[in-house]
Amino acid sequence: MKTTLLLIILSLLAISPAAAQTPFYQGKTVQIRVGFAAGGAFDVWARVIANHLGKFVPGNPTFVVQNMTGGGSMIAANYIYGVAKPDGLILGVVSPAMYIDQVTGKKEVQYDWFKFSYIGSPEKTDRIFYVRADTGIKTLEDMRTVAETPKCGSTGIGSSAYYFPRLLQDTFGLKLMLVPGYPGASDVNLAIEKNEVQCFSGTVQAFFGSEPGRTWAKSGFVRVLVQGGAKRDPRIANVPTLWELMDKNKSNETYRRLARILLIPDDMGRPLFGPPGMPGDRLKMLRDGFTKMMSDGDLIADAKKKGLDITPATGDELDALIKEAGVPSQDVIQKLKPLLEN
């Protein structure tokens, strides 16, 4: 009897305080603030993550998505940085083009892109630019001489949906009018269907991964004119890359440098992050959970069902990418600024 009692006491003492503690996230609800309206690729990915991440975080918290639109996701980025508590209960998903807004000194920026607590990104992206087929525009070069200037919808000024068409416009001398201010990509696509605007810069992943892009790809309602990846995506193998068109048109090195900087956000993809200064143990729980989630069969099946590509990056990889990108030289910044202004 004494021996049994002693063994029980010793086993209880062997339990570490950490093991006896209730996981921080047990019984908690984590908010994911998305900087765009519902229906776009950022929102769709956020909801997929919210449906699965709780299974892989100790304590199995509930994740919910809230949309916080405005400024091409600037409002959400500012909120996560300056308002949200760094307790690991409020996270964000915004356009990584916010990096460009910061390094070029946009006055509305109230965040430091280099200080967010990065958790991971579910996919890298490749930019594309498309136009309604009934405009008669068949190649990017056609936009130099088109009789009626097409209107291109975008989210906030300075967002990737804004600066990529501006880069194309300046690099190749295109005729187009940018119409910023839409809450999200789905709103621009609706405007394209109504013929309020005729063109848009999205991503290959969103185009083939969500509606109406999937239907448009089959029906030919829009025509993709250029893609920003290093090589042609097999789904649009007949569409030239930006780099091919630059070679063809003998674009100067300045525009090539600008293009390389402006496409850095596509390598960041759709980052999930928290405020600066999150407790290290909570950030590690979320990072480890995110990494496990991205190889889970249920997540993969859910993503494929929605037509989403899975090319994840870990929090450490995002940290490294952002550090490598750094701050461009003042000379490059001065050349970038006109592409980010109305």
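Residues numbered from 1 in each chain as written. Predicted model: local features only at pLDDT ≥ 70, side-chain atom pairs only at ≥ 80, totals over all residues. Heavy atoms only, no water.

A. Structural detail: the overall build of the protein. The number of helices and strands found in the protein is 16 helices and 11 strands. Compactness check: the protein gives a C-alpha radius of gyration of 23 Å against a globular reference of 20 Å for 342 residues, within 12% of the reference. Along the longest, intermediate and shortest principal axes, the C-alpha atoms of the protein span 95 × 45 × 30 Å. Taking all 342 residues of the protein together, 53% fall into the buried category. Sequence-distant contacts, at least 24 apart, represent 78% of the contacts inside the protein between residues at least 6 apart. Here the protein holds 40 positive side-chain charges and 34 negative ones, and the gap between their average locations is 1 Å. (Helix = DSSP H or I, 4+ residues; strand = E, 2+ residues; numbered from the N terminus. Rg over C-alpha atoms; globule rule 2.2 N^0.38 Å. Buried < 20%, exposed > 50% of the residue type's maximum accessible area, 1.4 Å probe, protein only. Contact = heavy atoms within 4.5 Å. Lys, Arg positive; Asp, Glu negative; His and termini not counted. Charge placed at Lys NZ, Arg CZ, Asp CG, Glu CD.)

B. Quick look at the sheet that holds strand β2 (residues 62–67). The sheet built from 6 strands is open, its strands ordered β2-β1-β3-β10-β4-β11 with mixed pairing. Two strands in the sheet have a free side with no partner beyond their single neighbour: β2 and β11 (313–314). Two elements, strand β1 (residues 29–34) and strand β3 (residues 90–93), share 4 bridges in a ladder whose sense is parallel. In the strand pairing of β3, Ile32 is matched with Leu91. Packing of helix α15 (residues 315–325) onto the sheet brings it into contact with β4 (117–121) and β11, and relative to β4 it is tilted by some 110 degrees. (Pairing = 2+ DSSP bridges. Axes fitted to C-alpha atoms, helices over the stretch in contact; angles between N-to-C directions.)

C. Representation of helix α3 (residues 41–52) in the model. For α3, spanning 12 residues, the distance from its first C-alpha to its last is 17 Å, which sits close to the expected 16 Å at 1.5 Å a residue. Of all 12 residues in α3, 10 are buried, a share of seventy percent or more. (Expected span 1.5 Å × (residues − 1).)

D. A look at the packing of aromatic side chains. Scanning all chains against the criterion turns up 17 aromatic pairs. Between Tyr130 and Trp216, the aromatic rings sit 6.1 Å apart at their centres with planes inclined by 75 degrees, giving edge-to-face as the arrangement. Separated by 86 residues along the polypeptide, Tyr130 in strand β5 (residues 127–132) and Trp216 in helix α9 (residues 213–219) bring together distant segments of the chain. Here the two residues Tyr130 and Trp216 agree in accessibility, since each one is buried. Centroid distance Phe207 to Phe208: 5.2 Å. Interplanar angle 90 degrees. Geometry classified as edge-to-face. Through a chain of ring-to-ring contacts, three or more aromatic side chains come together here, namely Tyr81, Tyr111, Trp113, Phe116, Tyr118 and Phe273. Geometry around Phe24 places Lys28 over its ring, the cationic atom sitting 4.5 Å from the centre. (Phe/Tyr/Trp six-rings, centres within 6.5 Å; stacked < 30°, edge-to-face > 60°. Lys NZ or Arg CZ within 6 Å of the ring centre and 35° of its normal.)

E. Expanded view of the environment of Lys337. Mapped onto the elements, Lys337 comes out in the segment after α16 (330–336). Using a relative accessible area of 28% as the deciding quantity, one classes Lys337 as partly exposed. Sequence separation between Lys337 and Val103 is 234 residues; the distance between their C-alpha atoms is 9.9 Å.

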